[in-house]
Each structure stands twice: as structure tokens, then as C-alpha cells.
Amino acid sequence: MTEQLNLYGSAFDSRLLVGTALYPSPAIMRESVEASGSEIITLSLRRQNPEQQQGKMLWDYIRDSGCQLLPNTAGCKTPREAIALAEMSREIFQTDWLKLEVIGDDYNLQPDPYGLIEAARELVRRGFKVLPYCTDDLVVCRKLLDVGCEVLMPWGAPIGTGQGLLNRYNLQTLRERLPKVPLIIDAGIGAPSQAAEAMEMGFDAVLLNTAIAKAQNPVLMARAFRLAVEAGRSAYSAGLMLKRQTASPSTPTLDMPFWQQADTAFQD
Amino acid sequence: MQIFVNGEGHSFERPTDLSNLLQQLGYSGETFAVALNGDFVPRASYLQTEIKDGDALDVVAPVVGG
């Protein structure tokens, strides 16, 4: 049994956080979330006309799921937008947890580090538990900690790309330099093997959406990710062997049959 | 007066408060939240919030997200 994930004073058994978007149907979304074993799910807010009831239907399910809700500020490009959406989220979802997104580039949905830090500072001041979606830049991450974030969510790769951990050097640096900070790889994970890789590197959890929702069988893929995250975490806890440059037999060499002392006479 | 609700123009005869306006627009229940001219308005402040000509209202509700 591995130790629990602790975020902002709450403990979780699962180290896989999942999004609720892009599924073929609400029923498959629900089944996939359950198969993932996730205890933290992301969702969002968008404009809605009074005759639309999707918001209420989604909310009814989400509320019954028992999961910690993690509303996002997806699409926000300025601190002002993100702060307003965060306040609206807190009122509707009745949680001060927030996946803070301030996007600086439309093409690769890269976080704007300046806007992110400014928004995080204000939201922490207002009592939010901010989980910022950030780049893998050590200095930006430190600044986010300085303004009061207790958890960081660096990207593995741009959202929805499925490219995996594009900059292992930066990510490894974050892990080594911020050993006590809960670090969640958020975005860019495309395959269970990549999630396992992140966990083996010592990251505390992974957050993903597209890789499950866009699989041909999302429910089965959700299970695959659950197993991969568990495997990766166990591997990290167990301690990976050190890599070697040369081969080293695993089978004992002592008392190998067919060996004759005379053989050595013909060698060299 | 004209106000913008979720980006669309709506005409009203006279100034009103936010609570009344939301009612006229058909919003009910508690699964929506409001921003006025880009700033969040807490539910408890709807009655005291005056709506003026040219105001822009955003009314949002839960959606799926990643």
C-alpha cells in the first residue's frame, strides 16, 4: 500500500485526476470516471441560456459522484477574467479548489507565467486553494509557491497533444529542486506508459482528459491509466535500479556447466 | 435601455436591479452565476445591483472541462 496523496490538507488514495470533457456521451463519461478510480475531477463554466438544462444535469451527476471538484478557468487570457470565473465557480460548485489557467498563446495553449502569478496571488488572498496549470519553468514555479500556491501542475506537453513528457530535464529539475511540493503533471499525457513514466520520476499525480475521452474504448482506457499510475507510483516508492553502461548477467555465473579449465588455454 | 446578455443585445423599458432582470430573462434555480461588466456579482448582491444602459451581463453554468 503506497502512501496517500495530500493536497491542501485533504488526503486521496488515487493519484489520477481526470477531466470530464470530450467523452462520446455523459454515460460513458460517468463510467470512465468510475473506472479511473479518480477522486478529483475537473469541470468548468460557460455561458448558458435559461432554457438550457445541461448545466443542471451535469451538476446533479457531479454532486453525486462524491469526487473533489476542481473547477478550471480554461480559456481565460487575463488575471481579471480568471479571477471573475474563479469567483463564479466557487459560488456554484461550493468549493475553493481551483485549477487556475491563464493562457498566453492560442496555438499551443501555453500558460502565461506573468498573468498566472498575478492571478494566483490575488486568488490565494481571497482564500482559494489554487492549483496552477503552469509550464515546467523552475523560476515560475518558485514564484507561484512564493505567492501561496501549495500545489503545482506543470505541463507534460501542450493540452490535447498526447506527446508525453517533452522536457524531462526541466521536469526532473522541478522534482529534485522542489522535493516537498506536491507536483501534478497536467496535460499532454497520451498513453498510460507516459503516466507511469511521470510517476516513476516521482511526480505526485497526473491529470489528464483527452487520452481517456478520445480512446476508442474510454472506460477500458480509464482502467489502463489507473493501473499505470499505480504501477508507476509503486515503482517510484520501491526505488528504481541504477542504469549501467555494460551488461551484467542476472543468472549466476558460478558453476556454469560445459566450462572446462582447458577452454581458457585456447583463448587470447 | 439596452443591455447585453451573454453577448446578445436585449432591450428593456426602464432600469432595474439584477434580481429582477434575471427573473425577466427566465433564469431560476441556483446552478448559474453572474458577472456584470466582467466582475463577479455574488448571489446575495443581486437585489442591490442596479442594471444600467449598456451593461454587459455574463450568466454561466457548469459544463464539462479538462
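Note that the coordinates shown come from a computational prediction; the quantities given were computed from them, not determined experimentally. (Residues numbered from 1 in each chain as written. Chains lettered and ligands numbered in written order. Predicted model: local features only at pLDDT ≥ 70, side-chain atom pairs only at ≥ 80, totals over all residues. Heavy atoms only, no water.)

1. Let's talk about the overall build of chain A
Put simply, the rule reads: Runs of H or I in DSSP of at least four residues are treated as helices and runs of E of at least two as strands, each being numbered from the N terminus. Under the scheme applied here, a residue whose accessible area is under 20% of the maximum for its type counts as buried, over 50% as exposed, and between as partly exposed, the area being computed with a 1.4 Å probe on protein chains only. Any two residues whose heavy atoms approach within 4.5 Å at even a single point are treated as in contact. Only the protein chains shown count as covering a residue, and every accessible area follows the Shrake-Rupley method with a 1.4 Å probe. His is not counted, nor are the chain ends, whereas Lys and Arg count as positive and Asp and Glu as negative. All charge positions are set by atom: Lys at NZ, Arg at CZ, Asp at CG, Glu at CD.
From N to C terminus, chain A includes 9 helices and 12 strands. Projected onto its principal axes, the C-alpha positions of chain A cover 90 × 40 × 35 Å. The buried share of chain A, taken over its 268 residues, is 50%. Long-range pairs, those at least 24 residues apart, make up 65% of the contacts in chain A with a sequence separation of at least 6. Per element, the accessible surface of chain A, about 13800 Å² overall, is 51% carbon and sulfur. Computing the positive centroid from 26 side-chain charges and the negative centroid from 31, chain A places the two 4 Å apart.

2. Looking at the interface of chain B and chain A
Heads up, the condition is: Buried area is a sum: the accessible area each of two parts loses on coming together, probed at 1.4 Å, counted once for each and added. A pair is scored as a salt bridge if a Lys or Arg side-chain nitrogen falls within 4 Å of a carboxyl oxygen belonging to Asp or Glu. Each polar contact in these results corresponds to two N or O atoms within 3.5 Å; when the atoms are within protein, one needs to be able to donate a hydrogen and the other to accept it, and residues that are neighboring in sequence are counted only if both atoms are side-chain atoms.
Between chain B and chain A, the contact holds 27 residues from the first and 28 residues from the second. Taken together, the two surfaces of chain B and chain A that pack against each other cover about 2200 Å², and 60% of this comes from carbon and sulfur. Of all residues in chain B, the largest losses of buried area upon contact with chain A belong to Phe40(B), Pro62(B) and Gly66(B), amounting jointly to 27% of the total for that side. At the junction of chain B and chain A, the tally comes to 2 salt bridges. Residues Asp39(B) and Arg80(A) are paired through a salt bridge, measuring 3.2 Å at the closest nitrogen-oxygen approach. Here chain B is connected to chain A by 15 residue pairs in polar contact (both at pLDDT 80 or more). Of all the secondary-structure elements, those providing two or more residues to the side of chain B that touches chain A are strand E4 (33-36), strand E5 (39-41) and strand E7 (56-64) of chain B. Among the elements that make up the side of chain B that touches chain A, the one with the highest residue count is E7(B) (7 residues).

3. Considerations on the sheet that holds strand E9 (residues 129-134) of chain A
Residue and element names in this part refer to chain A. For the record, the criterion: Two strands qualify as a pair provided that DSSP identifies no fewer than 2 bridges between them. Orientation is described by axes fitted as lines to C-alpha atoms, over the contacting stretch for helices, and by angles from 0 to 180 degrees between their N-to-C directions.
Spatially, the 3 strands line up as an open sheet ordered E6-E9-E10, and their pairing is parallel. Either end of the sheet is taken by a strand with one partner, and the two such strands are strand E6 (97-100) and strand E10 (153-154). Pairing of E9 with E10, which is carried by 2 bridges, proceeds in the parallel orientation. Bridged to Tyr 133 within E10 is Met 153. Helix H4 (residues 113-125) contacts E6 and E9 of the sheet and is inclined by roughly 170° relative to E9.

4. Digging into the UniProt feature "binding site: 1-deoxy-D-xylulose 5-phosphate" (unreviewed entry) in chain A
Residue and element names in this part refer to chain A. For the record, the criterion: UniProt positions are given in the numbering used here, feature names are shortened, and annotations may be inferred rather than shown by experiment.
Residues annotated by UniProt as "binding site: 1-deoxy-D-xylulose 5-phosphate" (unreviewed entry) correspond here to Gly 160, Ala 187, Gly 188, Asn 209 and Thr 210. Annotated residues spanning 51 residues; largest pairwise C-alpha distance 9.3 Å, indicating a single compact cluster. Position of Gly 160 among the secondary structure elements: in the loop between E10 and helix H6 (168-177). The buried category is assigned to Ala 187, whose relative accessible area is 9%. Not counting chain neighbours up to four residues away, the residues in contact with Ala 187 comprise Tyr 133, Trp 155, Gly 156, Ala 157, Ile 159 and Leu 207.

5. Overview of the environment of Glu200(A)
Residue and element names in this part refer to chain A. Looking at where Glu 200 falls in the secondary structure, it is placed in helix H7 (residues 192-200). Here Glu 200 falls in the partly exposed class, since its relative accessible area comes to 33%. Taking C-alpha positions, Glu 200 is 9.6 Å from Ala 238, a pair spaced 38 residues apart along the chain. If sequence neighbours within four positions are ignored, Glu 200 has contacts with Gly 232, Ala 235, Tyr 236 and Leu 240.

6. Section: the UniProt feature "domain: Thiazole synthase ThiG" (unreviewed entry) in chain A
As recorded in UniProt, the sites labelled "domain: Thiazole synthase ThiG" (unreviewed entry) are residues 7-252 of chain A. Along residues 7-252 of chain A, the helical share is 42% and the strand share 18%, with 46 Å between the first and last C-alpha atoms.

7. Remarks on the packing of aromatic side chains
The test is simple: Aromatic pairs are defined between Phe, Tyr and Trp rings, using the six-membered ring for Trp, whenever the two ring centres lie within 6.5 Å; interplanar angles under 30 degrees are classed as stacked, those over 60 as edge-to-face, and all others as tilted. In this scheme, the term charge over a ring applies when either NZ of a lysine or CZ of an arginine sits within 6 Å of the ring centre and within 35 degrees of the ring normal.
Taken as a whole and assessed by the stated rule, the structure comprises 4 aromatic pairs over all chains. Ring centres of Phe12(A) and Trp97(A) lie 5.9 Å apart, and the angle between their planes is 80°; on these two criteria the pair is classed as edge-to-face. You can see Phe12(A) sitting in strand E2 (residues 10-12) and its partner Trp97(A) sitting in strand E6, a full 85 residues away along the chain. Its relative accessible area of 7% is what places Phe12(A) among the buried residues. The exposure class assigned to Trp97(A) is buried, which follows from its relative accessible area of 4%. An aromatic cluster of three or more residues is present, and its members are Tyr8(A), Phe12(A) and Trp97(A). The residue whose ring lies beneath Lys99(A) is Tyr133(A), and the NZ or CZ to ring-centre distance is 5.6 Å. Its guanidinium or amino end placed over the ring of Phe32(B), Arg43(B) lies 4.6 Å from that ring's centre, counting from NZ or CZ.

8. Considering the nonpolar core
Here is the rule: Working definition of a nonpolar core: buried Ala, Val, Leu, Ile, Met, Phe, Trp, Tyr and Cys residues. They are joined through side-chain atoms within 4.5 Å.
If you look at the biggest cluster of nonpolar residues, it comprises 79 residues, and the most contacted ones within it are Leu100(A), Leu144(A), Leu152(A), Ile184(A) and Val206(A). With 7 residues, the top contributor of residues to this core is helix H3 (residues 79-93) of chain A. Setting aside anything within four residues of it in sequence, one finds Val206(A) in contact with Arg15(A), Leu16(A), Leu17(A), Ile184(A), Ile185(A), Ala195(A), Ala198(A), Met199(A) and Val229(A). Within the second largest apolar cluster, 16 residues are counted, among which are Leu22(B), Tyr46(B), Ile51(B) and Val59(B).

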